[in-house]
Amino acid sequence: MSGGVEWALHCCVVLTAAPAPVPAARLAELHDVSGSYLAKQLQSLSRAGLVHSVQGHAGGYVLTRPPQEITVLDVVTAVDGAQPAFVCTEIRQRGPLATPAEACTMPCAISRAMAAADEAWRAALRAITIDDLARDVTGDYGPATFTGIRAWLTPSS
């Protein structure tokens, strides 16, 4: 899993507290990360329909759905794609004791185990929402956390 997933998840959690659209540069500053790299993650989230870019002076990013409707798996898939973590290359069909292709009528035990693990991982991520993460942040650091984030994100006039 790429580092971009972590950055995208943090941004989605922060956007739950944002009183207005948040510019990508402000999100990058908040997390002390590269603005250009974070912009790529936000573009991935936007292409997946998880965030929307609001144009103009007060523009920035907002979640497109309530945080209870966006899962961690949605974010992972938006940033890294939907491909499985393991791709079988049919190694059993190679080497001096290769199994003939016609004998390989079903995935091997290793491929089945990895597919089951991948599905379990996806099911676990599908069960956690951005709202769940935001609640956990509040539980870990206290209710003042999002108050502080909200205040920091609100431009002073």
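Residues numbered from 1 in each chain as written. Predicted model: local features only at pLDDT ≥ 70, side-chain atom pairs only at ≥ 80, totals over all residues. Heavy atoms only, no water.

### A short note on the overall build of the protein
For clarity, the cut-off: Numbering goes from the N terminus for both helices and strands, where a helix is a DSSP run of H or I of at least four residues and a strand is a run of E of at least two. We take the radius of gyration over the C-alpha atoms and set the globule estimate at 2.2 Å times the residue count to the 0.38 power. Exposure is judged per residue with a 1.4 Å probe applied to protein chains only, and the accessible area is read against the type maximum: over 50% gives exposed, under 20% gives buried, and values in between give partly exposed. Working definition of accessibility: Shrake-Rupley area with a 1.4 Å probe, residue cover restricted to the visible protein chains.
Within the protein one finds seven helices and two strands. Going from N to C terminus, the protein has its helices and strands arranged as α-α-α-β-β-α-α-α-α. Here the protein has a C-alpha radius of gyration of 20 Å; the compact-globule value for 157 residues is 15 Å, and the former is much larger. On the principal axes, the C-alpha backbone points of the protein span a range of 75 × 30 × 25 Å. Within the span of the protein, comprising 157 residues, buried residues form 31% of the whole. As displayed, the protein has an accessible area near 9300 Å², and 60% of this comes from carbon and sulfur atoms.

### Topic: the pattern of salt bridges
As a reminder, the rule being used: Take a side-chain nitrogen of Lys or Arg and a carboxyl oxygen of Asp or Glu: if they are within 4 Å of each other, that pair is a salt bridge.
As enumerated under the stated definition, the model contains seven salt bridges in all. Salt-bridge contacts for Asp74 lead to Arg65; the nearest nitrogen and oxygen are separated by 3.3 Å. The class of Arg65 is partly exposed, set by a relative accessible area of 29%. Through salt bridges with shared partners, a single ionic network connects Asp131, Asp132 and Arg135.

### Considerations on the side chain of Gln41
The following threshold applies: A contact between two residues is defined here by any heavy atoms of the two lying within 4.5 Å.
With respect to the secondary-structure elements, Gln41 resides in helix 3 (residues 35-47). Setting aside residues up to four positions removed in sequence, Gln41 forms contacts with Gly4, Ala8 and Val79.

### Here's the deal with helix 4 (residues 72-80)
Residues Val72, Leu73, Val75, Val76, Ala78 and Val79 constitute the buried set of helix 4. Against helix 1 (3-15), helix 3, helix 5 (109-126) and helix 6 (130-141) lie the buried residues of helix 4.

### Thoughts on the packing of helix 4 against helix 5
The cut-off we apply is this: A fitted line through C-alpha atoms serves as each axis, taken over the contacting stretch for helices, and the angle formed by two N-to-C directions is quoted from 0 to 180°. Throughout, the ten residues Ala, Val, Leu, Ile, Met, Phe, Trp, Tyr, Cys and Pro are labelled nonpolar, Asp, Glu, Lys and Arg are labelled charged, and all others, Gly among them, are labelled polar.
Direction vectors running N to C along helix 4 and helix 5 enclose 120°, while the axes themselves pass 6 Å from each other. Contacts between helix 4 and helix 5 involve Val72, Leu73, Val76 and Thr77 from the former and Trp121, Arg122, Leu125 and Arg126 from the latter. Class assignment of the residues belonging to the contact of helix 4 with helix 5 gives a composition of five nonpolar, one polar and two charged.

### So, the nonpolar core
Put simply, the rule reads: To form a nonpolar core, buried Ala, Val, Leu, Ile, Met, Phe, Trp, Tyr and Cys residues must be joined to one another through side-chain atoms within 4.5 Å.
Counting residues in hydrophobic clusters, the biggest one holds 32 residues, and the most contacted among them are Leu15, Leu27, Leu42, Leu45, Val75 and Ile130. Here this core takes eight residues from helix 1, the largest share from any one element. Among residues more than four places away in sequence, those in contact with Leu15 are Val22, Leu27, Val51, Tyr61, Val62 and Leu63.

### What to know about the environment of Pro143
With respect to the helices and strands, Pro143 occurs in the loop between helix 6 and helix 7 (144-153). Since its relative accessible area comes to 64%, Pro143 is described here as exposed.

### Observations regarding the confidence of the model for the protein
For the record, the criterion: The predictor reports its confidence for every residue as pLDDT, a score running from 0 up to 100.
Within the protein, residue pLDDT values average 93, and 99% of them lie at 70 or more. The secondary-structure element of the protein with the lowest mean pLDDT is helix 7, recorded at 91, while helix 4 shows the highest, at 97.

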